[in-house]
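Chain by chain, the residues:
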Amino acid sequence: MNIINKVTAEIINPLIEVLFGLAIAIFVWGIIEFIWNSGNEEKKTTGKQHMIWGLFGLFIMMAVAGIIEIIEAFVEF
């Protein structure tokens, strides 16, 4: 196993999984906040912002995971 695969398997993949979980938690918290505070427009806006940031985090983590897969595919050759 070369060094890139080992670093990816031992460090980067677990880190990406933790960040995925964090992004999902922020998104879900935004949904809860949005629904819970349906009467308060200011808190609804905060909930919307949390949902957007959660989705943004998920997108970034998917992009990073894809880039790592591409790098690993090129290094194997």
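Residues numbered from 1 in each chain as written. Predicted model: local features only at pLDDT ≥ 70, side-chain atom pairs only at ≥ 80, totals over all residues. Heavy atoms only, no water.

Draft legend 1. Molecular detail of helix α1 (residues 3–36). End to end, α1 covers 48 Å across 34 residues, agreeing with the expected 50 Å (1.5 Å per residue, within 8%). Largest kink in α1: about 40°, centred on Ala9. Among all positions in α1, only Asn5, Thr8, Ile16, Ala23, Gly30 and Glu33 are buried. (Helix = DSSP H or I, 4+ residues; strand = E, 2+ residues; numbered from the N terminus. Expected span 1.5 Å × (residues − 1). Bend = angle between axes of the 7 residues up to and from the residue. Buried < 20%, exposed > 50% of the residue type's maximum accessible area, 1.4 Å probe, protein only.)

Draft legend 2. Seen up close, the environment of Lys48. Summarising the element assignment, Lys48 is placed in helix α2 (residues 41–76). On the accessibility criterion, Lys48 (37% relative accessible area) is partly exposed.

Draft legend 3. Main features of the side chain of Lys44. Here Lys44 lies in helix α2. For Lys44, which is buried and forms no salt bridge, the nearest opposite charge comes from Glu41, at a distance of 4.1 Å. Each residue touching Lys44, except ones within four places of it in the same chain, is listed here: Phe34, Asn37 and Ser38. (Lys, Arg positive; Asp, Glu negative; His and termini not counted. Salt bridge = Lys/Arg side-chain N within 4 Å of Asp/Glu carboxyl O. Contact = heavy atoms within 4.5 Å.)

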